[in-house]
Amino acid sequence: MPKNTKKRKPISLIIYHHKGGVGKTTIASWLSYLLATGGIAKTDKKLNVVLVDLDSQQNASKTFLSMKKVPGLPYMLPPLHPQYIEGAPENGDWNGYSTSSDILFDRPFVYYPVTGVETLSVLPSEGRVDRLNEVMHKDDFIPLIGDLAERYIDIETEMGEVDIIIFDTPPSKTAICEGFLSKCSHVLVPTQLEYDSVDSVPQLMDNIRLYNEERHEPIEIVGVIPNLASSTSLTNNEVDQYATLESHLNKHKAEHNITDDLLLEDFFLVNRVIFKHKKKPDALETVFCLKKDKKAMLEMDSLYNYVRTRLNVD
């Protein structure tokens, strides 16, 4: 009998919320690192992970790569790619750099390896994604960006080398963010326990529902993650917002016959300095080390295990 040569698509997970400051980059970076290294205890199967930075702030890129400041530029440049050899004929038109904007312009792209983590690669932001948002801010561009995102995911499917692609997104509702969302297999929604963030969640859920109406396989909602809580003891306002968030999600589940738990019971991430990026790409074992804070370790381990289970990667 002929062998089944159909290749499995990599999981494409977008970290999604229209509001800035909810911790999308922090969560995208931690999940990328932990999924690639086997978790907090380093005992799980290591996955081949690609982190795609679509945010002009470049914070995820700075965490994993030695980004370069250039006089006169308001953004940073990625390093010269280690595979680039000056003057080599195989370079063709390649100048030795690659960014997530290569996807948006339908150009060849080359991932950057992450020092010390063989199973993690990064496609950095060029720092000028906002210039595309200026001309691609209308809903008419969402299908175009969606087609480019789908083409990119299809290339990775054909290559068959990546287990999961994680997209870090900008803090706004743009055609770029919405276009990638429309083609991803999974979405994770971080939110602060404050009014504007929580009040936006029903709209985010409705956006996902509308995209799913056009798809054969629906976007799977991994969950909604309450993030940046003031402390391990929630304030009265945070308790109220948590209850409101729970009510929003229960209503969404009931209306759409969803049985999965979209909110991990009694779970939230505290706004901890130890979670923040220290921009030390040459010492990631110190950047992503929680040994000095057991509560932080337990929180991040719970998030990692929840997401890994919901993605069904084992």
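What you see is a predicted model, and the numbers here were worked out from it, not measured in a lab. (Residues numbered from 1 in each chain as written. Predicted model: local features only at pLDDT ≥ 70, side-chain atom pairs only at ≥ 80, totals over all residues. Heavy atoms only, no water.)

S.K.: Any chance you could explain the packing of aromatic side chains here in plain terms?
M.R.: Here the distance between the centres and the angle between the planes together describe a pair of aromatic rings. Counted under the stated rule, the structure contains 9 aromatic pairs. With centroids separated by 5.5 Å and ring planes inclined at 15°, the aromatic side chains of Phe64 and Phe288 adopt a geometry described as stacked. Residue Phe64 is located in helix α2 (residues 59–64), and its partner Phe288 is located in the loop between α9 (284–287) and α10 (294–311); the two are separated by 224 residues in the primary sequence. Residue Phe288 is classed as buried on the basis of its relative accessible area, which comes to 7%. (Phe/Tyr/Trp six-rings, centres within 6.5 Å; stacked < 30°, edge-to-face > 60°. Helix = DSSP H or I, 4+ residues; strand = E, 2+ residues; numbered from the N terminus. Buried < 20%, exposed > 50% of the residue type's maximum accessible area, 1.4 Å probe, protein only.)

S.K.: I keep staring at the sheet that holds strand β7 (residues 164–168) and nothing clicks. Help me out?
M.R.: Each strand in a sheet pairs with its neighbour through backbone hydrogen bonds, running either in the same direction (parallel) or in the opposite one (antiparallel). On the basis of which strands lie adjacent, the open sheet formed by 7 strands has the order β5-β6-β2-β7-β1-β8-β9 and mixed pairing. In this open sheet, the two edge strands, each paired with only one partner strand, are β5 (112–114) and β9 (220–227). Averaged over all pairs of adjacent strands, the angle between strand axes in this sheet comes to 25°, irrespective of strand direction. By the bridge criterion, 3 bridges tie strand β1 (residues 11–15) to strand β8 (residues 186–192) in an arrangement that is parallel. Note that in β8 the partner of Ile15 across the bridge is Leu188. Packed onto the sheet, helix α5 (residues 142–159) meets β1, β2 (49–53) and β7 and runs at close to 155° relative to β7. In the packing of α10 onto the sheet, the strands contacted are β1, β7, β8 and β9, and the crossing angle to β9 comes to about 170°. (Pairing = 2+ DSSP bridges. Axes fitted to C-alpha atoms, helices over the stretch in contact; angles between N-to-C directions. Contact = heavy atoms within 4.5 Å.)

Everything listed is a geometric property; what it means functionally is a separate question.
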